[in-house]
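Structure assessment
Take a look at the letters that make up each chain.
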Amino acid sequence: MAERRAFAQKISRTVAAEVRKQISGQYSGSPQLLKNLNIVGNISHHTTVPLTEAVDPVDFEDYLITHPLAVDSGPLRELIEFPPDDIEVVYSPRDCRTLVSAVPEESEMDPHVRDCIRSYTEDWAIVIRKYHKLGTGFNPNTLDKQKERQKGLPKQVFESDEAPDGNNYQDDQDDLKRRSMSIDDTPRGSWACSIFDLKNSLPDALLPNLLDRTPNEEIDRQNDDQRKSNRYKELFALHPSPDEEESIERLSVPDVPREHFGQRLLVKCLSLKFEIEIEPIFASLALYDVKEKKKISENFYFDLNSEQMKGLLRPHIPPAAITTLARSAIFSITYPSQDVFLVIKLEKVLQQGDIGECAEPYMIFKEADATKNKEKLEKLKSQADQFCQRLGKYRMPFAWTAIHLMNIVSSAGSLERDSTEVEISTGERKGSWSERRNSSIVGRRSLERTTSGDDACNLTSFRPATLTVTNFFKQWIPMLQNGRLKTGQFCLPVSLEKPPQAYSVLSPEVPLPGMKWVDNHKGVFNVEVVAVSSIHTQDPYLDKFFALVNALDEHMFPVRIGDMRIMENNLENELKSSISALNSSQLEPVVRFLHLLLDKLILLVVRPPVIAGQIVNLGQASFEAMASIINRLHKNLEGNHDQHGRNSLLASYIYYVFRLPNTYPNSPSPGPGGLGGSVHYATMARSAVRPASLNLSRSRSLSNSNPDISGTPTSPDDEVRSIIGNKGLDRSNSWVNTGGPKAAPWGSNPSPSAESTQAMDRSCNRMSSHTETSSFLQTLTGRLPTKKLFHEELALQWVVCSGSVRESALQQAWFFFELMVKSMVHHLYFNDKLDAPRKSRFPERFMDDIAALVSTIASDIVSRFQKDTEMVERLNTSLAFFLNDLLSVMDRGFVFSLIKSCYKQVSSKLYSLPNPSVLVSLRLDFLRIICSHEHYVTLNLPCSLLTPPASPSPSVSSATSQSSGFSTNVQDQKIANMFELSVPFRQQHYLAGLVLTELAVILDPDAEGLFGLHKKVINMVHNLLSSHDSDPRYSDPQIKARVAMLYLPLIGIIMETVPQLHDFTETHNQRGRPICIATDDFESDSGNMISQTVAMAIAGTSVPQLTRPGSFLLTSTSGRQHTTFSAESSRSLLICLLWVLKNADETVLQKWFTDLSVLQLNRLLDLLYLCVSCFEYKGKKVFERMNSLTFKKSKDMRAKLEEAILGSIGARQEMVRRSRGQLGTYAITSPSGEDFFNFLESYIANIENDFKFFISVHPSRAEIEHEALIDGNLATEANLIILDTLEIVVQTVSVTESKESILGGVLKVLLHSMACNQSAVYLQHCFATQRALVSKFPELLFEEETEQCADLCLRLLRHCSSSISTIRSHASASLYLLMRQNFEIGNNFARVKMQVTMSLSSLVGTSQNFNEEFLRRSLKTILTYAEEDLELRETTFPDQVQDLVFNLHMILSDTVKMKEHQEDPEMLIDLMYRIAKGYQTSPDLRLTWLQNMAGKHSERSNHAEAAQCLVHSAALVAEYLSMLEDRKYLPVGCVTFQNISSNVLEESAVSDDVVSPDEEGICSGKYFTESGLVGLLEQAAASFSMAGMYEAVNEVYKVLIPIHEANRDAKKLSTIHGKLQEAFSKIVHQDGKRMFGTYFRVGFYGTKFGDLDEQEFVYKEPAITKLAEISHRLEGFYGERFGEDVVEVIKDSNPVDKCKLDPNKAYIQITYVEPYFDTYEMKDRITYFDKNYNLRRFMYCTPFTLDGRAHGELHEQFKRKTILTTSHAFPYIKTRVNVTHKEEIILTPIEVAIEDMQKKTQELAFATHQDPADPKMLQMVLQGSVGTTVNQGPLEVAQVFLSEIPSDPKLFRHHNKLRLCFKDFTKRCEDALRKNKSLIGPDQKEYQRELERNYHRLKEALQPLINRKIPQLYKAVLPVTCHRDSFSRMSLRKMDL
């Protein structure tokens, strides 16, 4: 390959070969990974490490010490090290639902109760990574965040969004439409061209100092300052983040543990009134659930009796406590439902009689009748008084009612939100005793009704439950038996007497003597007791475990558990068995007591109990129990997992609850006391009532009461070591770690409270306790006990565990990792080590354990990823998050080495895998999570300079870059190292190196099997850069430059991907201008297609070149066999490139550019070219179109399915997607092959159809405006970054002076950006850069890049016609300076003059929305500059400018006409044709207009006409080329082309003295060259091919072949002959199937048509166009122009008598015509193509009779044949051609009959001899000739014309000819019958016989007629005389010239 990949240019081939050899010796595996070994780092000085392997990281901590930053302060200082407040340990008080805590004093409590209370009230212990939210994991680029960042964006002005000035513009257009359509008015005479107008018009504002002679350096500086001002800083805020599933690195903060409260209802009882008041009434409220049929609240008793009524009961009821007199109650509805009722029960004092009698007075008496019934009421009152005196203690039911709660809620919901009191009438109901009551209760809407997700709900409201039993029966069960609640179903005996007071402590089975029992003490009462308790676990396994642990705490032996008594000597075994039995406990109590359970297990790990004087190690048992419990929770609570499989209960425990247990017994965990008031309480008076023991201090003295406890922890002495050693407690099995810093306690014992002091005293009297205080053990044994660090013990346990325990731990690795990290942080916090040097924070042994643990887990991932996909994914992310956390607390160099060890294991495995994508995908997830660290930038040592090599050696890049104009080899090497993935780069910028290495390896086109990961790896880089961009810490430009330095190799990596990037230029259409196609592309295109436009011509001088620049074609000629990236991935890559270019240090970039070779710099320019197209502004109209029905483009379904099917998607994402119904399960193994991709295509199509319902979005106008605002700013900023980079490239050229060849590429990018849709802001800077470039390198445009000079002229002119004044000002200035600079080189500016003139012609010919008024202003501006240019005033320059401007002004008049006819394609082409004809003496301009016409024809799919335009262009070029160059193999001029078209001779050059082709500026375009001619002819051949005119293709190639033969171009000749073969094959295969145009004569009559009046044309329409279609089109078009009632279509084809027409109307006569050939022509016009090519004569027939009728009898039917001759042959460069000559032939009736019979005979002959035979057609023609129904047809003709010999001798020959026609006719009928007989089957024999009978009848009737001869015709042959012509048709011809 001529062009080697840039990375490959830097490869040490020797090293690569050796590595491959070594690897292939070790692994017999993956070929693509062996290929990847080629991509290695720089060959410089270090040992080369392939990109597929990780390098050794630098020792981070040492590096920081040995490389201090010179800057003491400033922004860069913050990049060097993590901030001092990076990690905080915060104790956050829990919310309390009550004003005052209801927790009783601890001294009164049982130890288990105390523990429970602590677990419900203890502050949350939270480790906060203060800057965590700045990492990518917590800093997603969400839509809301984007919108926040986008506030205050300036509105960019784009011409495409600026509509022309509303009404006036439309009025002008309408006026133009109605004006005369004459095309004879010369444009020079129209109002638009008045020079006077131009001179008196106003110019745009002139640019200040434009004409000053300012040094180039100063201009550059000014341009740079202006370009850099007011720039938008955050590029990614303008770019939507790539669409991903939930990002892998997102780790949400767990929810705070909370209790579910539901809703609460406040019921306030205001009054209770009856019609009569005679006795006290007692009321109660309760809630019932009707659906569940149960009571759901306690009873609330309230007393609303008057004081008088209460007085009746005073003897019986003691004075009530104030707390019992409440009249309002709060009811909790935990799970609200529609079926909850509030039930109100009323009771009264017990009285005699039936309940109905008691209730009767209340139903009879009314309050209004009180006086009338006074006596009766008094009697009732006295009775009630008596009952109260006697039975005041007893009650009876009286009445009840139920209120449907939902009714209250719904009615209250409609009220205002204040607590308005509402009276609710309850209605009357019959009670169970048939009583009636009428009461009204005023309910009040709850003041605290909240949703079920109430933020205040949490565990702080849990209290010990009390069991309330109704007062109907006394307790029969003891609530607590053997320490456990008695719950379940019971069948109890019933006592007939009141049981004794203490009986409730006995079991019901115990019968007391002397008591009477129902049914002899048998169980007769069934009851079920269900307890709701926050203290009692109601699980025997948990009860036993807690009891044993608490017994150790309290030192109370023996331990009683149920019926068991556990002695001290048996305690160890029981404790171990209870731990292992925890797995058997029920799940519900485990969940309820999870926090306490885990706390106790952790306590046993940290503080091994001492039983009978021996330390009992329970680390292993506790670790196993924890692993088992969390796995149970994971399996049984699947709905509670986050995306990483983390159970929310466990995550909350670690985040909020877990803390290091204090290593002293009976003292709480370390807490926040004494932290300088940093902790605030969220609830009122909370701190005042916290238990004293919870107010902890963090002082360094351990104990005030015990002076023996040292303030500095000491390690165990030798004696203890020897004892432990003698007991064989080594590391492998003891779980006890001794010695050194490991023995250090986490915190200190706070000043003990009274309770803890007593507990310590008590501990001295017990033989067994947890590891006790130093003083106790010292007095007991003289030894200091061992205390363990939880994270160290946990790491050790995990490393040494095996079997099912290890598997359980792996399944939930995240839990242990997070526990370990929090333990580590707490340890550092309580030992004041958070500021300590990282290398001294943790002991070496612990780090060894961590390394071993990470290594084994990485090994598990690598070995099991194909079998246990889901588990391995969880394990992989857990390990990554763990390492991410370790970077915050441990030695970072150590953590890097852990990462390297993981990489090493993965790399080793990859070599042996046939399809590595799944494992590489896991590694990407792993890396992405690690890189989401909030201090990722600091971890990459951004301030370090890469160490120079020890022995300098020149880099390959320097060696290949011709010369290096800067620095020494050593410095070059340093620069190169910064831009390449060299070993120094990858070592010092470790994580960035890994990220970029992954990108390089995966995007490498040779990395087979990894293309499914493209999107994933690109998103990772995009995500990182986006995060840096929005990070407030890096907003300073100096810091951002350092951050960008970490990504400099990204530029090189993306440069390598150019052939794979999505080609944004392919879909790029220049707003109405055609897209060109380059020769190479065309040739590789098999010749079936031309680009959507025309002529290679249009690609060059006249219209901007829109293809990729040269090097794109270079790379694409190799076939783009590599996978092309999706548009989304390519766009993400390019925005990353622009971010790096925007923020990188310009000096560094410039130095690197200096080192690059010309080839590499061109590759970079290709990238920038692509970026211009990629980020082009779409325009508001496009957004409106796109959004009318948006399909979620960001959901890149294709990429997702590819990933899923190719196996690079993991189980987690697959599970998530499958659950969303996005994809099924795939079992496809082969990632290649056509079948697979065919399947994929069809599958994707189905999926996309199914997903169309996803997104019917109709955004508002404001949203569209916002979208356009963002897109406009992105386009502006992206292009300004490109402009910045181009400026750096230009400066590089200025420095080196050896790479001027790349300036053409710079100019190409600049011109491309000008051609795209750009904002006014960008264009101002772009023009400034362009002016500076031309000023510095004038010869570039005027001598080297002449084609680009033409392009530049076109771009500038286009912007001179902009509707935005600032754009016009700058474009005018640029155009004027261009002329000036051209003039200064050679005292004229003929080149620019010609190019500008041609460009304007091209512009007005192709642009749809061109505005001549704006251009006129720009021309005036240019004139003004010329007038004010004092320096050149004395030269001819001002006059030349004036001449040019006036000439341009005249061309503008054509624009007016063009606009007028924009919607009339024929008229528009006529006008363009006339303009082109006007430029007959200016070949360049004529060529331009011919190309404009070709473009218009191509747009309308008139390929034959487009081809003719190209042939004419080629003929024009050949004509002038033959004057310039005398080469025999070139065409001699247009004569050579006449076989292609007879019209082409009009391109003959005018005499030499008029136009000299060698004059400067004449014939200077690129088409007036041999290659230009070839290009035009190839395009012509392509157009002919598309038109189906393959014979013309052959003629074109006849001209081309000699040229290629002369050049010995075998490749081109091979291509041409291949296309010729294809063309001739199509002629053969499409025989009889080709259809060319249909022709119509169209005449215009009426003054409305202007000079079209009485003009006749032949129109060429597409094949099979019906008369009705063209009629409808023309009638509709002119009807819209003149008014529907004005236009009339003449239906017949008779000659039009203008006198009979309405002068106020416009008439159109349309007639179908056919090509007409004389008899002699038919000899040469044999094929269908012959009969439809080079057509100049057409004919139509009109039937008539002599009396004026159209049709009559046979003997009176005449026919007029009208033959039209056109000015040019069809096909021509236009689709309508003027009729120049008309002649008519009148056929007499007998001649008409002859024609009809000849036609019938021909039909018969054709049907008979058709091959293959067509029986149906044959029978149809036969039926029409001899069938019974039509016998009269031919027979009648014979009878009319042959029955008698005509009297006129002139008709003898006609008579004879008709007779012979009939003879021929009967012969043909006979042949046809014979043929039919051979074709029919048995079923048609009768039909055949019928046809034969009819034929014989016809023949018999015709026999006498056709046998009669005219004797005069058979006389002796006379000498030849002039009479021979007397019967020719000419005798009856009427000539009409």
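Report on the accompanying structure. By convention here, each chain's residues receive numbers from 1 onward along its written sequence. Predicted model: local features are reported for residues with pLDDT of at least 70 only, side-chain atom pairs are reported and counted for 80 or more only, and whole-chain, interface and lining totals are derived from all residues. Here the side-chain values reflect all heavy atoms present in the structure, with hydrogen atoms and water set aside.

1. Points about the overall build of the chain
- Summing up its helical and strand segments, the chain has 70 helices and 28 strands in all.
- Relative accessibility decides the category of a residue: with a 1.4 Å probe and only protein chains considered, values under 20% of the type maximum give buried, values over 50% give exposed, and everything between is partly exposed. Considering the chain as a whole, with its 1937 residues, one finds that 55% of them fall into the buried category.
- Considering only contacts within the chain whose residues lie at least 6 apart along the sequence, 79% involve residues at least 24 apart. Helix numbers and strand numbers start at the N terminus; a helix is a DSSP run of H or I with at least 4 residues, a strand a run of E with at least 2. Residues are treated as being in contact if the distance between any of their heavy atoms lies within 4.5 Å.

2. What about helix H64 (residues 1610-1629)?
- In this analysis, the expected span of each helix is defined as 1.5 Å times one less than the number of residues it contains. Here H64 contains 20 residues, and its C-alpha end-to-end distance of 28 Å stays within 8% of the 28 Å for a straight helix at 1.5 Å per residue.
- Listed as buried for H64 are Lys1612, Leu1613, Ile1616, Lys1619, Leu1620, Ala1623 and Ile1627. Down the axis of H64, the smallest arc covering the buried residues is 130°, so these residues share one side. Turned more than 90 degrees off the buried face of H64, the exposed positions are Ala1610, Lys1611, Ser1614, Gln1621, Val1628 and His1629. Think of it as the arc spanned by the lines of direction from the helix axis to the C-beta atoms.

3. A word on the packing of aromatic side chains
- Geometry of aromatic contacts follows a simple scheme: Phe, Tyr and Trp rings, the Trp one being its six-membered ring, pair when their centres are within 6.5 Å, and the pair is stacked under 30 degrees between planes, edge-to-face over 60, tilted otherwise. This model, assessed by the stated rule, comprises 44 aromatic pairs.
- An angle of 40° between the planes, with centres 4.8 Å apart, marks the rings of tryptophan 798 and phenylalanine 817 as tilted. In this pair, tryptophan 798 is assigned in helix H25 (residues 790-800) and phenylalanine 817 in helix H27 (residues 813-830), connecting sequence segments 19 residues apart. Per residue, the accessibility class of tryptophan 798 equals that of phenylalanine 817, and both read buried.
- Linked through ring pairs, Phe623, Trp798, Trp814, Phe815, Phe816, Phe817 and Phe882 together constitute an aromatic cluster.
- Note on geometry: a ring has a charge over it if NZ (lysine) or CZ (arginine) is within 6 Å of the ring centre and within 35 degrees of the ring normal. In this arrangement the basic side chain of arginine 892 is found over the ring face of phenylalanine 82, its NZ or CZ atom lying 4.6 Å from the centre.
- Above the plane of the ring of phenylalanine 1657 lies arginine 1776, whose end atom (NZ or CZ) is 4.5 Å from the centre.

4. Some words on the pattern of salt bridges
- Any carboxyl oxygen of Asp or Glu that lies within 4 Å of a side-chain nitrogen of Lys or Arg is treated as forming a salt bridge with it. Applying the stated rule across the entire model yields 77 salt bridges.
- We note a salt bridge from lysine 310 to glutamate 307, for which the minimum N-O separation is 3.8 Å. Of the two residues, lysine 310 and glutamate 307 are both situated in helix H11 (residues 307-311); the distance of three residues between them amounts to about one turn of the helix.
- One salt bridge connects glutamate 807 with arginine 864, and the closest N-O pair in it is separated by 2.8 Å. Of this pair, glutamate 807 sits in helix H26 (residues 803-811) while arginine 864 sits in helix H28 (residues 844-864); the two residues are 57 residues apart in sequence, bridging distant segments of the chain.
- For glutamate 807, a relative accessible area of 27% corresponds to the partly exposed category.
- If you follow the salt bridges from partner to partner, you end up with Asp224, Arg227, Lys228, Arg231, Lys1142, Glu1146, Glu1277, Asp1284 and Glu1287 in one network.

Purely spatial values, then, with no claim about function.
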